[in-house]
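Residue strings, one per chain:
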Amino acid sequence: MKIDVLTLFPAMFEAVLGDSIIGRAAEKGLLHLRYINIRDFSEDKHRRVDDYPYGAGGGMVMAPQPIYNAWRFITEPLSYRPHVIYLSPQGQVFSQEKAKTLATAYEHLILLCGHYEGVDERIIEEIVDEEISIGDYVLTGGEIPAMAVIDTLSRMIPGVVQHGNSESESLADGLLEYPQYTRPPEFLGRKVPEILLSGHQAKIAAWRREQSLERTRNKRPELLERMKENG
Ligand code: 4GN
């Protein structure tokens, strides 16, 4: 999978994703990540990327020209149009399911990160295919949401996460993960559940399933309701 990020702060991505499992995946060639600085495509003599909003109203707007030129830089050599996502509080709310759909449908994504009051509407009309939000709150920029999307998609690629089988993970089947334990068998007087030490895999699997259901019922009952609604 290829992901190009259009951002004013490429260093944020290097800093957060560089040393992580995601960085390792990129080094291994499982994932192709590029961070493109929109400012490099400004034609303004002061390299400006923002401007005043028509109609006033305070704040600044990201001008269309630098973003468009950066998008052209990516797409010019291609014979197809990568799917362009604008990270925005106005988008559809992101989820494990949405991630699965994106990972399955697209081999090449472009993530556009906005700042200030957002990007000129004509950019959304011209190059953006969909808007995605990571939740109902406003951040200073789309970088953190873009990183959340990149991280979620990356760990779905075979070989990126150690055990790989992301299908058995929390939320993949709509349920919360069961509790995890490691050594020692007793800590601060609290024992690891007997069943996990038994070596009886079928019983362990049944116990974990029960725990997942109970936790989901207690912590996120709306996830169970959604499962019922969606079959
Ligand atoms: C996305 C972008 C929150 C999200 C953002 C989100 C930058 N904040 N919930 N901030 O996924 C106006 C236009 C705010 C750019 C945007």
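That block above? That's the structure.
Quick summary incoming for the structure in this document. (Residues numbered from 1 in each chain as written. Predicted model: local features only at pLDDT ≥ 70, side-chain atom pairs only at ≥ 80, totals over all residues. Heavy atoms only, no water.)

## Let's talk about the pattern of salt bridges
Our working definition: A side-chain nitrogen of Lys or Arg and a carboxyl oxygen of Asp or Glu constitute a salt bridge if their distance falls within 4 Å. Strands here are runs of E lasting at least two residues and helices are runs of H or I lasting at least four, both read from the DSSP assignment and numbered beginning at the N terminus. Only protein chains enter the accessibility calculation, which uses a 1.4 Å probe; a residue is then buried when its area is under 20% of its type maximum, exposed when over 50%, and partly exposed in between.
Enumeration according to the criterion identifies ten salt bridges in this entry. Among the salt bridges present, the one from lysine 98 reaches glutamate 130, with a minimum N-O distance of 2.9 Å. Pair noted here: lysine 98 is in helix α4 (residues 96–105) and glutamate 130 is in strand β7 (residues 130–133), with a separation of 32 residues, a long-range link. Classification of glutamate 130 by relative accessible area gives buried; the value is 16%. Between lysine 228 and glutamate 225 there is a salt bridge; the shortest N-O distance is 3.1 Å. Residue lysine 228 and its partner glutamate 225 are both found in helix α9 (residues 221–229); the two are separated by three residues, about one turn of the helix. When its relative accessible area of 60% is taken as the criterion, lysine 228 is described as exposed. By relative accessible area, which is 40% here, glutamate 225 ends up partly exposed.

## A closer look at the nonpolar core
Test applied: Definition used in this section: a nonpolar core is a set of buried Ala, Val, Leu, Ile, Met, Phe, Trp, Tyr and Cys residues joined via side-chain atoms within 4.5 Å. Only heavy atoms enter the contact rule, under which two residues are in contact if any of them lie within 4.5 Å.
Grouped together as the largest cluster of nonpolar side chains are 28 residues, with contacts concentrated most on Ile3, Phe13, Leu31, Leu111, Ile150 and Leu153. Those elements that place two or more of their residues in this core are β1 (2–7), α1 (10–17), α2 (21–27), β2 (32–37), β5 (83–93), α4, β6 (108–113) and α6 (143–154). Considering every element that reaches this core, the biggest residue donor is α6, with five residues. With sequence-adjacent residues up to four places away left out, leucine 111 is seen in contact with Ile3, Asp4, Val5, Leu6, Ile85, Leu87, Ala146, Val149 and Ile150.

## Considering the packing of α1 against α6
Filter applied, for reference: For helices, the fitted axis covers only the stretch in contact; all axes are lines through C-alpha atoms, and the angles between them, taken along N-to-C directions, range from 0 to 180 degrees. Oblique is the label for any angle not under 35 degrees, not over 145, and not in the 65 to 115 range, which are roughly parallel, roughly antiparallel and roughly perpendicular in turn. What makes a crossing left-handed is the near helix being turned counterclockwise from the far one by less than a right angle; a clockwise turn instead makes it right-handed. Throughout this entry, Asp, Glu, Lys and Arg are counted as charged residues, while Ala, Val, Leu, Ile, Met, Phe, Trp, Tyr, Cys and Pro are counted as nonpolar. The remaining residues, Gly among them, count as polar.
Axis separation between α1 and α6 bottoms out at 10 Å; the angle between their running directions is 40°. The angle between α1 and α6 places the two elements in the oblique class. For the crossing formed where α1 meets α6, the hand is right-handed. Contacts from Met12, Phe13, Val16 and Leu17 in α1 reach Glu143, Ile144, Ala146, Met147 and Ile150 in α6. For the contact of α1 with α6, a count of residues per class yields eight nonpolar, no polar and one charged.

## Quick word on the environment of valine 192
Within the secondary structure layout, valine 192 lies in the loop between β9 (190–191) and α7 (194–197). Residues valine 192 and lysine 98 lie 94 residues apart in sequence; the distance between their C-alpha atoms is 35 Å. Contact partners of valine 192, with chain neighbours within four places excluded, come to Tyr181, Thr182, Pro184, Pro185 and Leu197.

## Observations concerning the packing of aromatic side chains
Under the convention used in this document: For Phe, Tyr and Trp, where Trp contributes only its six-membered ring, two rings pair if their centres lie within 6.5 Å, and the inter-plane angle classes them as stacked under 30 degrees, edge-to-face over 60, or tilted in between.
Across all of its chains, the model carries three aromatic pairs by this definition. Ring geometry for phenylalanine 13 against tyrosine 35: centres 5.1 Å apart, planes inclined by 25°, an arrangement best described as stacked. Of this pair, phenylalanine 13 sits in helix α1 while tyrosine 35 sits in strand β2, and the two are 22 residues apart along the sequence. Like phenylalanine 13, the residue tyrosine 35 is buried in the burial classification. Consider the rings of phenylalanine 41 and phenylalanine 73, whose centres lie 5.3 Å apart with planes at 50°: the pair is tilted. Of the two residues, phenylalanine 41 sits in the loop between β2 and β3 (50–51) while phenylalanine 73 sits in helix α3 (residues 64–75), which places them 32 residues apart along the sequence. Overall, phenylalanine 41 belongs to the buried group, its relative accessible area being 18%.

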